[in-house]
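Structure at a glance
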Amino acid sequence: MKHSVNTFFYLLALMLFPGMSFASSLDDLYRDVIRSDNQGYLPMFIKNRAEPDVLSEETLLNQVIEKQPSTQNFTKSINLTNERRQKEEERIAKELQWQETLKAIAENRVTPLDLEEINLRASQKEPKAIEVLAWMYTKGVGVQKDFVAAFRLYRQAETLQVPQAKENAIKVYKAMDSHQREELSK
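A brief structural summary. These figures come from a predicted structure and were not determined experimentally.

This paragraph deals with the overall build of the chain. In terms of regular secondary structure, the chain is built from eleven helices and zero strands. Listed by position from the N terminus, the elements making up the chain come as α-α-α-α-α-α-α-α-α-α-α. Within the chain, buried positions represent 24% of all 186 residues. Considering only contacts within the chain whose residues lie at least 6 apart along the sequence, 32% involve residues at least 24 apart.

Note on placement: Thr101 falls in helix α6 (residues 83–106). The residues touching Thr101, leaving out its near neighbours within four places in the chain, are Asp114 and Glu117.

What follows deals with the packing of aromatic side chains. With the rule as written, the count across this model stands at one aromatic pair. The lysine or arginine in question, Arg181, covers the ring of Tyr173, its NZ or CZ lying 4.6 Å from the ring centre.

Closest axis-to-axis distance for the α6/helix α7 (residues 112–123) pair is 10 Å, and the angle between their directions is 115 degrees. Taken together, the axes of α6 and α7 lie roughly perpendicular to each other. Two packed elements cross with a definite hand, and for α6 against α7 that hand is left-handed. Between α6, through Lys94, Gln97, Trp98, Thr101, Ala104 and Ile105, and α7, the contact on the second element is made entirely by Asp114, Glu117, Ile118 and Arg121. Residue composition of the contact of α6 with α7, grouped by class: four nonpolar, two polar and four charged.

Reading the values: the criteria
- Residues numbered from 1 in each chain as written.
- Predicted model: local features only at pLDDT ≥ 70, side-chain atom pairs only at ≥ 80, totals over all residues.
- Heavy atoms only, no water.
- Helix = DSSP H or I, 4+ residues; strand = E, 2+ residues; numbered from the N terminus.
- Buried < 20%, exposed > 50% of the residue type's maximum accessible area, 1.4 Å probe, protein only.
- Contact = heavy atoms within 4.5 Å.
- Phe/Tyr/Trp six-rings, centres within 6.5 Å; stacked < 30°, edge-to-face > 60°.
- Lys NZ or Arg CZ within 6 Å of the ring centre and 35° of its normal.
- Axes fitted to C-alpha atoms, helices over the stretch in contact; angles between N-to-C directions.
- Parallel < 35°, antiparallel > 145°, perpendicular 65-115°, else oblique.
- Left-handed = near helix turned anticlockwise from the far one by under 90°.
- Nonpolar A, V, L, I, M, F, W, Y, C, P; charged D, E, K, R; others polar.

Here's what the structure looks like:
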């Protein structure tokens, strides 16, 4: 049965392509069909039926290894931290630190770290920090009493529109002696 099927296809090919020469395999038959369709010209993909060197396992494996990123570069390029969450956690930590600083000031147990925190925030023109620092200088909490510094800080708080800053500056001015008032004019 197999022999008759092959013969049938061969005869069919001879009838369809009368000028075609005898082919010994299906590959030769295909080449003959392409040659007759292209008037004797065989395209390069038909002529070069041998396996190219690029597709050899060793060459292909070497190319894959060369193109693969090194583990060191790969780990550097991936950032697994959620930056938004990290910034939010930093903001919350700073706010908690600020609340602890305010609590320490209210309880009159100011540490150098608390004083550094309040001075840093006051230098950044944070209204609440300026007001608290002025109060600290007025009452002598964590620092020595200094009505001149307190007055200047309350005036700065007034420019930042802190409520009651102007009234507090007036109270501090009234509590000053004449030497401290002279120091203000310098």
